[in-house]
Amino acid sequence: MGTKYQGTEEATRALDTYIKLMRASESLTHRIHRHLHDVDLTISQFGVLEALLHLGSLCQSELAHKLLRTGGNMTLVIDNLEKRDLVRRERSSIDRRFISVHLTEAGRTLIERIFPRHVEAVTQAMQRLTAEEQETLSNLCRKLGSP
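Residues numbered from 1 in each chain as written. Predicted model: local features only at pLDDT ≥ 70, side-chain atom pairs only at ≥ 80, totals over all residues. Heavy atoms only, no water.

Draft legend 1. Quick peek at the overall build of the chain. Assigned secondary structure in the chain consists of 7 helices and 3 strands. When the helices and strands of the chain are read in sequence order from the N terminus, they spell out α-α-α-β-α-α-β-β-α-α. Over its C-alpha atoms the chain spans a radius of gyration of 19 Å, topping by over 25% the 15 Å that the globule rule assigns to 147 residues. Expressed as lengths along the three principal axes of its C-alpha atoms, the size of the chain is roughly 60 × 30 × 25 Å. Counting across all 147 residues of the chain, residues that qualify as buried make up 29%. Expressed as a percentage of contacts within the chain between residues at least 6 apart in sequence, the contacts between residues at least 24 apart total 48%. Counting every atom, the chain has about 10400 Å² of accessible surface; 54% of that belongs to carbon and sulfur. Positive and negative side-chain charges in the chain, numbering 21 and 19 respectively, have mean positions lying 3 Å apart. (Helix = DSSP H or I, 4+ residues; strand = E, 2+ residues; numbered from the N terminus. Rg over C-alpha atoms; globule rule 2.2 N^0.38 Å. Buried < 20%, exposed > 50% of the residue type's maximum accessible area, 1.4 Å probe, protein only. Contact = heavy atoms within 4.5 Å. Areas by Shrake-Rupley, 256 points an atom, 1.4 Å probe, with all protein chains shown as cover. Lys, Arg positive; Asp, Glu negative; His and termini not counted. Charge placed at Lys NZ, Arg CZ, Asp CG, Glu CD.)

See the structure below:
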């Protein structure tokens, strides 16, 4: 479904492309993250666990930046993960304002168990595109996402 806006050719093309990009993104996100329902995780919670698994402990502001979330949202996400004993916060003894987030053993076990399923879902979804198309899409997304 494209735009019904009747403007300049440039504006109509841009809106139409944007709508298709957003619909594709939402559809893909929904299909890929279905498995998270089985383990009662949100996409943001999964993102935190995945980031901590692959990058190690990070402060909340780094996590928020990497996951494109607000600081307030990240606090809530981490609060909920902490309640489930999947992460723990540690306040720095040098700078009390600095709080790092770490995976707990339960968090590591969970993300290591579900991440392969995530990789498989992404791989399967992307198989609709050739390797060359995936590279092109990757480059276009990088270009669009740059400030």
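Read on for the rest.
Draft legend 2. Summary view of the pattern of salt bridges. Within this structure, the stated rule accounts for 7 salt bridges. For the salt bridge of Glu9 with Arg13, the shortest nitrogen-to-oxygen distance reads 3.6 Å. A residue pair is termed a helical-turn pair when its members lie 3 or 4 positions apart in one helix, as Glu9 and Arg13 do in helix α1 (residues 9-32) at 4 residues. According to the relative accessible area criterion, Glu9 is exposed, its value standing at 66%. Arg117 serves as the salt-bridge partner of Asp38, at 3.1 Å between the closest nitrogen and oxygen. With Asp38 in helix α2 (residues 35-38) and Arg117 in helix α6 (residues 105-126), the pair connects residues that are 79 residues apart, well separated along the chain. (Salt bridge = Lys/Arg side-chain N within 4 Å of Asp/Glu carboxyl O.)

Draft legend 3. The arrangement of the packing of α1 against α6 in detail. At a minimum axis distance of 9 Å, the contact between α1 and α6 shows a crossing angle of 140 degrees. By the angle between their axes, α1 is oblique relative to α6. The two elements α1 and α6 cross, and the hand of that crossing is right-handed. Listed contacts from α6 to Leu28, Arg31 and Ile32 of α1 are His118, Ala121, Val122, Ala125 and Met126. Per-class residue counts for the contact of α1 with α6 are 6 nonpolar, 1 polar and 1 charged. (Axes fitted to C-alpha atoms, helices over the stretch in contact; angles between N-to-C directions. Parallel < 35°, antiparallel > 145°, perpendicular 65-115°, else oblique. Left-handed = near helix turned anticlockwise from the far one by under 90°. Nonpolar A, V, L, I, M, F, W, Y, C, P; charged D, E, K, R; others polar.)

Draft legend 4. View of a nonpolar patch on the surface. Together, Tyr18, Leu21, Met22 and Leu144 make up a nonpolar patch on the protein surface, roughly 400 Å² of accessible area in all. The residue Leu144 is located in helix α7 (residues 131-145) in this model. (Patch = residues over 30% accessible without salt bridge, like charges linked within 9 Å, V, L, I, M, F, W, Y side chains within 5 Å.)

Draft legend 5. Structural detail: the layout of surface pockets. The computed volume of the largest pocket comes to approximately 1100 Å³. The wall of the largest pocket is formed by 31 residues, among which Ser25, Leu28, Thr29, Met126 and Cys141 lie closest to the centre. Tallying contributions element by element places α1 first for the lining of the largest pocket, with 10 residues. Of the residues that constitute the lining of the largest pocket, the class distribution is 18 nonpolar, 8 polar and 5 charged. (1 Å grid on protein atoms, 1.4 Å probe; cavity = no way out; pocket = protein on both sides within 12 Å on 5 of 7 lines; lining within 4 Å. Points joined across faces, edges and corners; volume = space filled by probe spheres on them.)

Draft legend 6. Geometry of the environment of Phe115. For Phe115, the location among the structural elements is in helix α6. The spatial distance from the C-alpha of Phe115 to the C-alpha of Glu50 is 7.6 Å, given a sequence separation of 65 residues. If we skip the residues at most four places from it in the chain, Phe115 touches Phe46, Glu50 and His54.

Draft legend 7. The arrangement of unusual backbone geometry in detail. Even without a glycine there, the phi angle at Leu68 is positive, about 55 degrees. In this fold, Leu68 is placed in the loop between α4 (60-66) and α5 (71-83). Classification of Leu68 as exposed rests on a relative accessible area of 73%. Positive phi, close to 60 degrees, is recorded for Asp85, a residue that is not glycine. A residue is classified by how much of its surface remains accessible, and Asp85, at 47% relative accessible area, is partly exposed.

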